[in-house]
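Here is how the chains run, residue by residue.
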Amino acid sequence: MKVYMDRTNCTCWQAACESSFGWRLMHLLKGEVLPGGCMYAFEEDGKRPITFFIHDHDGDKVLSVNDQNWPDAYDSWLYLWQRQKETI
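Novice: How would you explain the packing of aromatic side chains if you had to name every residue and give the values?
Specialist: One pass over the full model with this rule turns up three aromatic pairs. The interplanar angle of 50 degrees and the centroid separation of 4.8 Å between the aromatic rings of Phe 21 and Phe 52 together place this pair among those described as tilted. Placement of Phe 21 in helix H1 (residues 14–29) and of Phe 52 in strand S3 (residues 50–56) is noted, with a sequence separation of 31 residues between them. Accessibility expressed as a relative area gives 2% for Phe 21, which makes it buried. Ring geometry for Phe 21 against Trp 77: centres 6.2 Å apart, planes inclined by 40 degrees, an arrangement best described as tilted. On the criterion of sequence distance, the pair formed by Phe 21 in helix H1 and Trp 77 in helix H3 (residues 77–87) is long-range, its members being 56 residues apart. Residue Phe 21 shares its accessibility class with Trp 77, and that shared class is buried. Here the guanidinium or amino end of Lys 61 rests over the ring plane of Trp 81, the centre of that ring lying 4.9 Å away.

The rules behind these values
- Residues numbered from 1 in each chain as written.
- Predicted model: local features only at pLDDT ≥ 70, side-chain atom pairs only at ≥ 80, totals over all residues.
- Heavy atoms only, no water.
- Phe/Tyr/Trp six-rings, centres within 6.5 Å; stacked < 30°, edge-to-face > 60°.
- Helix = DSSP H or I, 4+ residues; strand = E, 2+ residues; numbered from the N terminus.
- Buried < 20%, exposed > 50% of the residue type's maximum accessible area, 1.4 Å probe, protein only.
- Lys NZ or Arg CZ within 6 Å of the ring centre and 35° of its normal.

Have a look at this one:
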């Protein structure tokens, strides 16, 4: 699945963003698509991992969430993205 997010107009502070992301992620893992917040488009491609395309204040980001790292994404998508970025 591909999920598209646009944080450029979001007024949420980081902790609120993390909470909203985690809640929506839990539903995505169950196959439930819940648009809202910064998540505005979903594309079911039948693939794992879930790939998040994030248009953010400081540039575009791509986050890959799979069966092993979803707890890290639930805790903080930003920290997981930073770790993924370092391994590229």
